[in-house]
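# Architecture at a glance
As a plain string of letters, each chain reads:
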Amino acid sequence: MKKLLCILTALTMVLTAGLALAEGETYRIGIAQFAEHGSLDNCREGFLAGLAENGFVEGENLEVDYQNAQADMGIANQIAQGMASGDLDLICAIATPIAQACFNAADGTDIPTIYTAVTDPVAAMLATEDGTATGNVTGTSDKLPIEAQLKMIRSLMPEATKIGILYSTSEVNSESAIAEYQALAPDYGFEIVVSGISATADIPLALDALLPQVDCLSNLTDNTVVSSLPLLLDKAGEAGKPVFGSEVEQVKLGCAASEGLDYFALGKQTGAMAARVLSGEAAADIPYEVISESSLYVNYDALAAVGIELPEDQAARAIDVSTL
Amino acid sequence: MGIVLSTVEQGLIYAILALGVYITYKILDFPDLSVDSTFPLGAAVTATMITNGMHPLLTLPASMLAGALAGAVTGIIHVKCRVRDLLSGIIVMTGLYSLNLRVAQDKANLPIFGTDTLFKNGLTAALPDAVADYAPVLILLALVVLCKLCMDWFLRTRAGYLLRAVGDNPTVVTALAKDGGMVKIQGLAIANALVALSGCVMCQYQRFFEISMGTGAIVIGLASVIIGTNLFKNLSFLRATSAVVIGSILYKACVAIALSSGLLPKPQDMKFVTAVLFLLILALGEVRRKKVKAHA
């Protein structure tokens, strides 16, 4: 017993000494993520990397409370309310519904909300038309580079006329992306054929109806559809039609190519914004940011399977995902 | 303190839903799945009305009416078309999904930040700071107590008696020369009116409508009803309706405890810890009951 006490005392002393060594202030932030999802996970890791680059390192001068709502709105609200009632310096919210929940919960406190992976902050009422914040909130948008994607599909498939898009009617991000697709498609000689689903279980039927009508498929960042990507790739593969992804993770899984966002970079950009807020700038004074440039990610195996060769001008800038 | 307050607030919001589920599940013995879409229906009606500049108070009766209609449809499908109870709920749940999107102006997510709501308006803004923090919980408490008292009163009326009889012993209803089917339709309408009211209040509390907010609503409702009624079975002074309200707050408390970072090895384990907490509550209730019996 005495020995144990000795060890405990020694341990406590070492710990206190360690804490005393860590100089300066320690910041506490909360990360509220809406669902478990490759892109959102990349966002979170990028966010922490962005903070670290600016001197806020997890475990050194940064304490992180990470919570995941597992796509449950009720729990998203509880997480948001819980974080807002703590003594955090900042809340990082990943994806639209939880960003709204955090913004709502933190309203009336002095905790700023920094969001990321929100496609349309204006529609979500997290920002006004002119880009200024609607409160103590700012962040980054993961708006799809749709024009670049259409350009890329045109150069890879000069004969194609119809692009099919599968989306879930429950996701507001998908709706705005489809509206933009439909507005831009005629400029590149395409027609967009959409098919709306409400649950994962609808996907096989919807694909069977959609695939014969189109020359290729193009994905959005629709969570329901992306979660069932292997099924979608299987069905499209059987029909011999290429699938174009909306970000790098999808190309890794077998999409032919994508003009995509790098969610890690998006998170990093958000982390840099968060660092500015932690250093004393007001979130409301920082306009939200959009990643503008996209990169071309290519899966050569998938391209070969549908008999498409990458034009030389595209090949020069393409990033081969098999090497990533 | 803040986290306790917000847990109680959300528990109270879902308590209205749980009262509705209590009518269908416990009284009518009807597993009503339409709840998963009448909850967002109330929210959709609310968000649309508020974005069109209507008074937040008007949304309460409006969403109740919408919910009652949807509940009546579930009842009519079941009673008149002789469709199994589960399936008639599923039919309404499926159909309402699209209808909810239509009601919400074709948007899957409709925010109402910056407009007056039940919880943020001229009146609450005028409150002194010390009271203002408690305004939402007091408003909710008043609303829930009102719902509970109305339900207690209703269950003691003739119509309420028939409602209980339909679930317990349908022959009694027939013997009284009453149409049991009509009573069922009525019960489902009342239940879903409460569920939609809960959705309406939730929408104003979180200040946005989201089509997926109903997913799992029936699970929360059922869990609240079962936790409440099982745990307080022996406390005869506590009405079942009060037990359901407390059950709903306990449900949210379980989730809040599971979320508080200390218990979670990893954020992914949150649901598992919640499940273990439910089991603990129910098991404790069982142990306590045995003890009471042993003393008797």
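On to the pairing of strand β3 (residues 90-94) of chain A. All names here are of chain A. Judged by how many residues are buried, β3 sits mostly within the fold: 5 of 5 residues are covered. Burial of the side chains of β3 extends over both faces: Leu90, Cys92 and Ile94 are buried on one face and Ile91 and Ala93 on the other. With 5 bridges connecting them, strand β1 (residues 27-33) and β3 associate as parallel partners. For Gln33, the partnering residue across the bridge sits in β3 and is Ile94. Strand direction decides the pairing type here: β3 and strand β4 (residues 113-116), joined by 4 bridges, are parallel. Across the sheet, Cys92 pairs through a bridge with Ile114, a residue of β4. Between β3 and its parallel partner β4, the chain crosses via helix α4 (residues 96-106), and the hand of that crossover is right-handed.

This paragraph deals with the domain arrangement of chain A. Residue and element names in this part refer to chain A. What the domain assignment lists for chain A is domain 1 (25-142 + 264-290) and domain 2 (146-260 + 294-323). Each of domain 1 and domain 2 has a C-alpha centre, and these two points are 29 Å apart. In this assembly, 6 residues from domain 1 lie in contact with 6 residues from domain 2. Taken together, the two surfaces of domain 1 and domain 2 that pack against each other cover about 600 Å², and 41% of this comes from carbon and sulfur. Ranking the residues of domain 1 by area buried against domain 2 places His37, Ser39 and Thr119 at the top, with a combined share of 53%. Taken together, domain 1 and domain 2 are joined by 0 salt bridges.

One pass over the structure, following the stated rule, counts 0 disulfides over all chains. Cysteine A:Cys216 shares no disulfide, and the gap to the nearest cysteine sulfur, in A:Cys255, comes to 11 Å. Under the relative-accessibility criterion, A:Cys216 is labelled buried at 0%. Not engaged in a disulfide, the cysteine B:Cys147 finds its nearest cysteine sulfur in B:Cys150; these two sulfurs lie 6.8 Å apart.

Below, the discussion takes up the pattern of salt bridges. Using the criterion set out here, one finds 14 salt bridges over all chains in the structure. A:Asp72 is paired through a salt bridge with B:Lys271; the nearest N and O atoms lie 3.4 Å apart. Placement of the pair is A:Asp72 in the loop between β2 (62-68) and α3 (73-84) and B:Lys271 in helix α13 (residues 270-295), with the two residues belonging to separate chains. A single network of salt bridges, built from pairs that share partners, joins A:Arg28, A:Glu63 and A:Asp87.

Procedures and definitions
- Per chain, residues are indexed from 1 in the order of the written sequence.
- The lettering of chains begins at A and the numbering of ligands begins at 1, in the order of writing.
- Only residues with pLDDT of 70 or above have their local features reported here, since the model is predicted, and side-chain atom pairs are shown and tallied only from 80 upward, although totals for entire chains, interfaces and linings are computed over all residues.
- Computation of side-chain values: all heavy atoms of the structure, hydrogens and water removed.
- To sort residues, take the accessible area from a 1.4 Å probe on protein chains only and compare it with the maximum for the residue type: under 20% means buried, over 50% means exposed, and anything in between is partly exposed.
- Comment: elements are numbered from the N terminus, with helices defined as DSSP H or I runs of at least four residues and strands as E runs of at least two.
- Two strands make a pair as long as DSSP finds a minimum of two bridges between them.
- With the strands pointing away from the viewer, any crossover whose connection runs clockwise from the first strand over the helix to the second is right-handed.
- What counts as a domain boundary in this text is fixed by an automatic or database domain assignment.
- Residues count as neighbours in contact if any of their non-hydrogen atoms are within 4.5 Å of one another.
- By definition, the buried area sums, over both parts, the 1.4 Å-probe accessible area that each loses when the two are put together.
- For this analysis, a salt bridge means a side-chain nitrogen from Lys or Arg found within 4 Å of a carboxyl oxygen belonging to Asp or Glu.
- The definition used for a disulfide is geometric: two cysteine sulfur atoms within 2.5 Å.

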